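In case you want the letters, here they are:
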Amino acid sequence: MSYAKVLCVGLLGVTGHVVEVEADLAPGLPAVVISGLPDTALHEARDRVRAAVVNSGQRWPNRRITLNLLPATMPKFGSAFDLAIAVALLGGSGELPLLPLERVVVLGELGLDGTVRPVRGVLPMVAAAARAGLERVIVPVDNAAEAAVVPGVRVRAVDTLHRLVEFVRDGTPLIEPPAPAPTEGPGGPDLAEVAGQALGRRALEVAAAGGHHLALFGPPGAGKTMLAERLPSILPELDDDAALEVTALHSVAGLLPAGGRLLRRPPFQAPHHTATVASLVGGGSGLARPGAVSLAHRGVLFLDEAPEFGRGALEALRQPLEHGRVQLARSRGGTEYPARTQLVLAANPCPCARPAGDTYCECSPLARRRYLGRLSGPLLDRIDVQVTLPPLRAAELMEATATGEPSAAVAARVAAARRAAADRWAGDGWRVNAEVPGHRLRHPPWRLPERDTRELRGRLDSGSLSARGFDRVVRMAWTIADLDGRDRPQADDVREAIQLRMGDAA
Ligand SMILES: [Zn+2]
């Protein structure tokens, strides 16, 4: 026999697709030809596989070897095909009867010495195998726990090519994956630790309930970061689909915690203002790494000291925030990662970052406007809730022993409000109020009666609020009504929404 076939999985973005690795060995000048749109890493695979096969004590077939990866039209990135290529060509040479690998997916990178190395993205790869009705997978031992998270698949692991060869030849058992890790440990920081800050807490709750982006302005020490870090603690846990999606993104980034379990909490990402565009939106050669905006998918992306981020970085975030996904241009086809995230940005009112009213701040009004103006184009336009937090007063600090309302209590209100909104918009496919287009709320049956929007229309007429700002206030009013259990917003809800908008410092 001079032909063999082994199953593997390739990734397009965060979605796996089953790939057939075919090996054909023909008489002729010894050579290895790989076809099926391989990237550079696959060409390097040729050398790695040869060294690994020889160093595992197997004979390298001195024939003309053709390797074909199907479907040929699918671009293939990364090194997860090594192990499948090695066994396919040993099968094709007649060295190894491949019957035990029938309908088995084989994943792994090979070291020159024949060790099997972990690869990024094993979780979505195994999930793809399960979707294709393939029930058995063989993965690198360091990825075994992660692979075992996918239900309905029997996972076995290998540490060396030699072990896999022994298994195929003699049925020597493979390595069992470790028992699944217990569910997530203690959660992140809790709102109970935040004293005072009634406005900030309310802004956070409204943002969570309506899925609104949030901007927190205020002097250093006003508690902006403390509040932002606690947003995930009041968001609903991820459902099964979302958990799998979020865990898969962290798997592709190679950032899953050891032990292997689904990420159930909304993720929190806080890139530093010196972060590169690639680390924010993703990139890199081979299998592209998701950036912070994708690692924050279904969670929170926090930009602290937002005006300090480079203009290029802020611009790069515009498209993902608008479309809920990132498109990375690649040399061969694009890669797309989901990026449906809730943005929280924090900013000091001026570049010197000294307390407001403090005699030390000598920033001119122009300097202050310019500083926050850096945000206005790309980001601020998309942010519903914009509040300016007052400096924390000494009295509030003294009361700090008295704890605030804990996250669990706030999360219960947020969950109820989200259910109300999801029911209302179910026919339109929107999950939260932030997704509802403004024109929808300006027309029947959702238009609010004139008596409830008088102040709002006054602000629009006087020019103190833009048309877009008008829509944002109405959207927030719906969220406030949902939080307080009312069918429709009333004048008071609109008034509170205006307050949650008036931190419009820019
Ligand atoms: Zn200043």
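Please read all numbers here as calculations on a predicted model, not as lab measurements.

## As for the overall build of the protein chain
- Across its full length, the protein chain holds 18 helices and 18 strands.
- In terms of overall dimensions, the protein chain has C-alpha extents of about 85 × 50 × 45 Å along its principal axes.
- When burial is assessed residue by residue, the protein chain has 51% of its 506 residues classed as buried.
- Partitioning the intrachain contacts of the protein chain with sequence separation of at least 6 by distance along the chain shows that 73% fall at a separation of at least 24.
- Accessible area for the protein chain stands at about 21,900 Å²; split by element, carbon and sulfur atoms hold 52% of it.

## Examining the packing of aromatic side chains
- Evaluation of the coordinates by the stated rule reveals five aromatic pairs.
- When the ring of Trp446 is compared with that of Trp478, the centres are 5.7 Å apart and the planes differ by 80°; the resulting orientation is edge-to-face. Taken as a pair, Trp446 in the loop between helix 15 (438–442) and helix 16 (454–462) and Trp478 in helix 17 (residues 467–483) lie far apart in primary sequence, 32 residues in all. Comparing Trp446 with Trp478, the two get one shared label, buried.
- Every member of this aromatic cluster is reached through a ring pair, and the members are Trp425, Trp430, Trp446 and Trp478.

## Regarding the packing of helix 6 (residues 198–210) against helix 14 (residues 407–425)
- In contact at an axis separation of 8 Å, helix 6 and helix 14 are set at 40° when each is read in the N-to-C sense. Considered as vectors, helix 6 and helix 14 are oriented oblique to each other. The chirality of how helix 6 crosses helix 14 is right-handed. Of helix 14, the residues touching helix 6 (which contributes Arg201, Glu205, Ala208 and Ala209) are Val410, Arg413, Val414, Ala417 and Arg418.
- By residue class, the composition of the contact of helix 6 with helix 14 is five nonpolar, no polar and four charged.

## As for the pattern of salt bridges
- In this structure the tally under the stated criterion is 30 salt bridges.
- Put simply, Arg230 and Glu229 hold a salt bridge, and the shortest N to O gap is 3.8 Å.
- Note that Arg431 and Glu435 form a salt bridge whose closest N and O atoms lie 2.8 Å from each other.
- Note on Arg431: relative accessible area 39%, which makes it partly exposed.
- The exposure class of Glu435 is partly exposed, given its relative accessible area of 24%.
- Within the structure, one salt-bridge network assembled from shared partners comprises Arg202, Asp484, Arg486, Asp493 and Glu496.

## Let's talk about the nonpolar core
- Counting residues in hydrophobic clusters, the biggest one holds 103 residues, and the most contacted among them are Val139 and Leu303.
- In terms of residue count, helix 2 (residues 82–92) provides more of this core than any other element does, eight residues in total.
- Residues Ala228, Leu389, Val436 and Val473 belong to the second largest nonpolar core, which totals 48 residues.

## Here's the deal with the packing of helix 17 against helix 18 (residues 491–499)
- Look at helix 17 against helix 18: their axes get within 8 Å of each other, and the N-to-C directions meet at 120°. On the basis of the axis angle, helix 17 is oblique to helix 18. Crossing of helix 17 against helix 18: the hand is right-handed. Judged by residue contacts, Val473, Met476, Ala477, Ile480 and Ala481 of helix 17 engage Asp493, Val494, Glu496, Ala497 and Ile498 from helix 18.
- Looking at side-chain class alone, the contact of helix 17 with helix 18 contains eight nonpolar, no polar and two charged residues.

## Comments concerning unusual backbone geometry
- For the peptide bond that leads from Leu70 to Pro71, omega is 0°, which places it in the cis range.
- Here Pro71 shows up in the loop between strand 4 (64–70) and helix 2.
- Between Pro444 and Pro445 the backbone carries a cis peptide bond, its omega angle lying at 0°.
- Relative to the assigned elements, Pro445 resides in the loop between helix 15 and helix 16.

## Points about helix 8 (residues 240–252)
- The end-to-end C-alpha distance of helix 8, which contains 13 residues, comes to 18 Å, matching closely the 18 Å that a straight helix rising 1.5 Å per residue would cover.
- Where helix 8 is concerned, the buried positions are Ala242, Ala243, Val246, Thr247, Ala248, Leu249, His250, Ser251 and Val252.
- Looking one or two residues beyond helix 8, the residue adopting positive phi is Gly254, at roughly 70°.

## Considerations on the pairing of strand 9 (residues 154–158)
- Within strand 9, four of the five residues are buried, which leaves the element mostly enclosed by the surrounding structure.
- Pairing analysis gives five bridges linking strand 8 (residues 136–140) to strand 9, with the strands arranged parallel. Each bridged residue has a counterpart across the sheet, and for Val139 the counterpart in strand 9 is Ala157.

## Focus on the layout of surface pockets
- Computed from the structure, the largest pocket encloses a volume of approximately 1,200 Å³.
- Going through the elements one at a time, helix 8, helix 11 (311–323), helix 14 and helix 17 are the ones with two or more residues in the lining of the largest pocket.
- Classifying every residue of the lining of the largest pocket by side-chain character gives 14 nonpolar, nine polar and 16 charged.
- The calculated volume of the second largest pocket comes to roughly 360 Å³.
- Surrounding the second largest pocket, 15 residues form its lining, Gly187, Gly188, Pro232, Ser233 and Arg265 being those nearest its centre.
- Residues belonging to the lining of the second largest pocket are distributed by class as follows: seven nonpolar, four polar and four charged.

## What to know about the sheet that holds strand 11 (residues 268–269)
- The parallel open sheet is built from five strands, whose spatial order is 11-14-17-10-18. Every other strand in the sheet has two partners, leaving strand 11 and strand 18 (385–388) as the edge strands with one partner each.
- Two elements, strand 11 and strand 14 (residues 300–303), share two bridges in a ladder whose sense is parallel. Bridge pairing in strand 14 links Gln269 to Leu301.

Conventions adopted
- Residues numbered from 1 in each chain as written.
- Predicted model: local features only at pLDDT ≥ 70, side-chain atom pairs only at ≥ 80, totals over all residues.
- Heavy atoms only, no water.
- Helix = DSSP H or I, 4+ residues; strand = E, 2+ residues; numbered from the N terminus.
- Buried < 20%, exposed > 50% of the residue type's maximum accessible area, 1.4 Å probe, protein only.
- Contact = heavy atoms within 4.5 Å.
- Areas by Shrake-Rupley, 256 points an atom, 1.4 Å probe, with all protein chains shown as cover.
- Phe/Tyr/Trp six-rings, centres within 6.5 Å; stacked < 30°, edge-to-face > 60°.
- Axes fitted to C-alpha atoms, helices over the stretch in contact; angles between N-to-C directions.
- Parallel < 35°, antiparallel > 145°, perpendicular 65-115°, else oblique.
- Left-handed = near helix turned anticlockwise from the far one by under 90°.
- Nonpolar A, V, L, I, M, F, W, Y, C, P; charged D, E, K, R; others polar.
- Salt bridge = Lys/Arg side-chain N within 4 Å of Asp/Glu carboxyl O.
- Core = buried A, V, L, I, M, F, W, Y, C linked by side-chain atoms within 4.5 Å.
- Expected span 1.5 Å × (residues − 1).
- Pairing = 2+ DSSP bridges.
- 1 Å grid on protein atoms, 1.4 Å probe; cavity = no way out; pocket = protein on both sides within 12 Å on 5 of 7 lines; lining within 4 Å.
- Points joined across faces, edges and corners; volume = space filled by probe spheres on them.

Remember that the coordinates give geometry; whether it matters functionally is a separate question.
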